Every structure is written in structure tokens, then in C-alpha cells.
Amino acid sequence: MGTKDEDLLQQYELEVIAGILESKAQYRKIVKAGIAKWVKDFQDGRIEIKTVDDLKKLIEIDIELQKDEI
């Protein structure tokens, strides 16, 4: 069994990790909404195929956010 200081440190580290995971989940929601909006705008003809760089960036961000989930 750890000391009181070790237990407090471990609890703090767990809270930090939980906060990071919560933030990543929120960021993924934002990225997914951005991807959905881009696709809708593309389907509606507001985006031309030559401007896919924004979608590429959104997908790369989404993949990066998912890396730690595997």
C-alpha cells in the first residue's frame, strides 16, 4: 500500500488523464461536426473538389485524436 502522498499523486494523475480524455472526446465531436458540414457543403455544390485540403486536415485531426484509443 502506498503512502498518503503517493495515493494523492496517483489520484491527481488519474484526474488529469480523465480530463485529457474528456477534452479529446469534445474535440472529436467538433471535428466530426466539421467533417459532416464539409460533406454537406460539398454535396450541395458549395465546395469544389479542388478545395479538399480542409477535409484532409479535419480527417488527419480526427485520426490523431483516435490514436490513443486503440
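Criteria and cut-off values
Residues numbered from 1 in each chain as written. Predicted model: local features only at pLDDT ≥ 70, side-chain atom pairs only at ≥ 80, totals over all residues. Heavy atoms only, no water. Helix = DSSP H or I, 4+ residues; strand = E, 2+ residues; numbered from the N terminus. Expected span 1.5 Å × (residues − 1). Buried < 20%, exposed > 50% of the residue type's maximum accessible area, 1.4 Å probe, protein only. Arc of directions from axis to C-beta. Contact = heavy atoms within 4.5 Å. Polar contact = N/O pair within 3.5 Å; in protein donor to acceptor, adjacent residues only side chain to side chain. Salt bridge = Lys/Arg side-chain N within 4 Å of Asp/Glu carboxyl O.

Undergrad: Mind showing me how you'd approach helix H2 (residues 53-66) here?
TA: At 3.6 residues per turn, the α-helix brings residues three or four places apart onto the same side. End to end, H2 covers 20 Å across 14 residues, agreeing with the expected 20 Å (1.5 Å per residue, within 8%). For H2, the complete set of buried residues consists of Leu-55, Leu-58, Asp-62 and Leu-65. Taken end-on, H2 shows its buried residues confined to a sector of 90°, consistent with a single buried face. Along its buried surface, H2 packs onto helix H1 (4-43).

Undergrad: Sorry if this is basic, but what is going on with the environment of Glu-64 here?
TA: Positionally, Glu-64 belongs in helix H2. With relative accessibility at 48%, the residue Glu-64 sits in the partly exposed group. C-alpha separation for the pair Glu-64 and Arg-28, spaced 36 residues apart in sequence, amounts to 9.8 Å. Separated by 3.1 Å, the side chains of Glu-64 and Lys-67 make a polar contact.

Undergrad: What am I meant to see in the environment of Ile-30 here?
TA: Along the chain, Ile-30 turns up in helix H1. Of the residues examined, Ile-30 reaches a relative accessible area of 58% and is grouped as exposed. For Ile-30 and Leu-58, which are 28 residues apart along the polypeptide, the C-alpha to C-alpha distance reads 9.6 Å.

Undergrad: Explain the side chain of Lys-24 here, please?
TA: Following the sequence through the fold, Lys-24 ends up in helix H1. Accessibility expressed as a relative area gives 13% for Lys-24, which makes it buried. Aside from chain neighbours lying at most four places away, what touches Lys-24 is Leu-65 and Asp-68.

Undergrad: Looking at this model, I keep getting lost on the pattern of salt bridges. Mind explaining?
TA: Proximity of charged atoms lets side chains of opposite charge pair with each other. Within this structure, the stated rule accounts for eight salt bridges. When the shortest N-O distance is used, the salt bridge between Arg-28 and Asp-62 registers 2.7 Å. Remark: Asp-62 occurs in helix H2 and Arg-28 occurs in helix H1; sequence separation between them is 34 residues. There is no split in this pair, since Arg-28 and Asp-62 are both buried. Asp-41 serves as the salt-bridge partner of Lys-37, at 3.0 Å between the closest nitrogen and oxygen.

Just geometry here; none of it tells us what the structure is for.
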